[in-house]
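# Chain and residue survey
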Amino acid sequence: MTRTVTFTSSVLPPRERGIELGERFRSEIGTTVAAYRRLFGVRAGRPFDVDLWADRAWDAITRLAPEHADEIAGIAEGSGRAVREIAAINARTEILVAANPTGVTECSSVISVPQGGAPFAVQTWDWYDAMSDGWFHWRFQQPDGRVVETVTEYGMLAKIGVNAEGIGVMLNMLHHANDAERVAEGTVGYPVHLLSRRILDEATCLDDAAKIVQESTSASTSLTVLDRSGAGATFELFPGGPGRLDTRDGLLVRTNSFVSPEGRDGCLAATISTSSATRLDKLESAFADGPPATPQAVLDAMTDHEPEGDVGGICCHPDRSMDPVLWHRTLATVAIDVETSTLDVRADGPCGHRQHPAASMAGA
């Protein structure tokens, strides 16, 4: 089982906080840079200029997210890496889309606002097996007192998280027909992981998040947001978006298919795999009688597998017939408690196994 690494930053300005993080995780950041460089190339399946797209990412970050450019520059300084390498980690979704606009479908997320209970959210983070040891649970406090907790990758400013105001954020990758048009332009939009960080830094309610996600993006992703009052929505970011779908009857379930009216027509999920639709059906059926009362009820529903090589398991394990660089599994399961502003982080899938138990017993 993967060990969850936790780290609490000193209370520092952004650049100094980045330097501290870079120095502390110098080796891990270098490993992440190398892993993504390999992944970009394999996903492209053709000559692909990683450095060109990394430079484009850094240009986009300095123009669109100057509040985060200093912290990224600090991470680069502290870890001894080129700043464009850290920019590429923070824009890895955008660069992966440039390498191959189709990719994989991953992650399942649930918001629940149970009758008489506190609102919460749960997500499986499904990603490349090569990144199994490439993430950590990070807590930091801004000099003005704002506190953020996030599960993120080494060198990346945020992913899944919660702030002290009780704003929780989850991410699910999407694929839209408009993505290829933006790639053809050779431009990088506002990196979606930095939009997650901006929500965690700035938002005090769902309406704040709705304003932040209006930025122009170049890679399709959903940011699903829940606030302490129980207001929740998924914002589907894509070139030409965003789209929005709010919770209904205290529940919101999402996978990797567009569900908003704005995004549905360009959705490519069904052209990639049946996994997204299958997982969505399973979770909606599990909660057909109403929103789950506890995070454990969601974890129980997410402890769901398919035979190796088949798709649609909510708890995802690698198909080892593929190139190992492309092995894909549930790396972590995260429950967000917006009432207490805390994360319950569990390494690996809801079943707690790095491999599917049946595969492991077979000696695979």
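Values in this document were obtained by computation on a predicted structure and should not be read as measured data. In this convention, every chain numbers its residues from 1, walking through the sequence in written order. Local features in this predicted model are restricted to residues of pLDDT 70 or higher, and side-chain atom pairs are both shown and tallied only at a pLDDT of 80 or more, whereas totals for entire chains, interfaces and linings draw on every residue. Side-chain figures throughout are based on the complete set of non-hydrogen atoms in the structure, without hydrogens or water.

### Quick notes on the confidence of the model for the chain
The quantity called pLDDT is the predictor's confidence in a given residue, expressed from 0 to 100. Here the chain averages 93 in pLDDT, while 96% of its residues score no lower than 70. Note that residues 356–364 has pLDDT below 50 and, in this model, nine contacts with residues that lie over four places away or in other chains. Contact between two residues is taken to exist if any of their heavy atoms lie within 4.5 Å; hydrogens are not considered.

### Overview of helix α2 (residues 26–44)
For α2, built from 19 residues, the straight-helix expectation of 27 Å at 1.5 Å per residue is met to within 8% by its first-to-last C-alpha distance of 27 Å. Burial classes: relative accessible area under 20% of the type maximum marks a residue as buried, over 50% as exposed, and values in between as partly exposed (1.4 Å probe, protein chains only). Helix numbers and strand numbers start at the N terminus; a helix is a DSSP run of H or I with at least 4 residues, a strand a run of E with at least 2. Taken together, the buried positions of α2 are occupied by Ile29, Gly30, Thr32, Val33, Ala35, Tyr36, Leu39, Phe40, Arg43 and Ala44. Positive phi appears at Gly45, one or two residues downstream of α2, with a value of about 65°. The span one expects for a helix is its residue count, reduced by one, times 1.5 Å.

### Remarks on the pairing of strand β9 (residues 232–237)
With six of its six residues buried, β9 lies for the most part within the structure. A two-sided burial pattern is seen for β9, the buried positions comprising Gly232, Thr234 and Glu236 on one face and Ala233, Phe235 and Leu237 on the other. Strands are treated as partners if at least two bridges between them are detected by DSSP. For β9 and strand β10 (residues 243–246), the ladder comprises four bridges, and the chain directions are antiparallel. Across the sheet, residue Ala233 finds its bridge partner in β10, namely Asp246. Between the antiparallel neighbours β9 and β10 lie five residues, among them Gly240 with a positive phi of about 105°.

### Let's talk about the pattern of salt bridges
What makes a salt bridge here is a side-chain nitrogen of Lys or Arg within 4 Å of a carboxyl oxygen of Asp or Glu, nothing more. All told, the structure shown has 22 salt bridges when counted by the stated rule. Linking Glu185 and Arg182 is a salt bridge whose minimum nitrogen-to-oxygen distance equals 3.6 Å. Within this pair, Glu185 and its partner Arg182 are both found in helix α7 (residues 178–185), separated by three residues, close to a single helical turn. Note on Glu185: relative accessible area 55%, which makes it exposed. The salt bridge involving Asp348 is made with Arg329; its shortest N-O contact spans 3.0 Å. Taken together, the residues Asp348 in the loop between β13 (342–347) and α13 (357–361) and Arg329 in strand β12 (residues 328–337) connect sequence positions 19 residues apart.

### So, the sheet that holds strand β1 (residues 6–8)
The strand order across the open sheet formed by eight strands is β1-β4-β5-β6-β7-β8-β9-β10, and the pairing between neighbours is mixed. The strands lining the two open edges of the sheet, one partner per strand, are β1 and β10. Direction aside, neighbouring strands of the sheet carry axes that sit 15° apart on average. Bridge analysis of strand β6 (residues 160–163) against strand β7 (residues 168–173) gives two bridges, and the strand direction is antiparallel. Axes here refer to lines fitted to C-alpha atoms; in helices the fit is confined to the stretch in contact. Angles between the N-to-C directions go from 0 to 180 degrees.

### A look at the pairing of strand β2 (residues 108–112)
Where burial is concerned, most of β2 is hidden: five out of the five residues are buried. Of the two faces of β2, the one carrying Ser108, Val110 and Ser112 and the one carrying Ser109 and Ile111 are both buried. Where β2 meets strand β3 (residues 120–128), five bridges bridge the pair, whose relative direction is antiparallel. Across the sheet, Ser112 pairs through a bridge with Phe120, a residue of β3. Alignment of β2 against strand β11 (residues 251–254), held across four bridges, turns out to be antiparallel. Bridging from a neighbouring strand, Ile111 pairs with Leu252 of β11.

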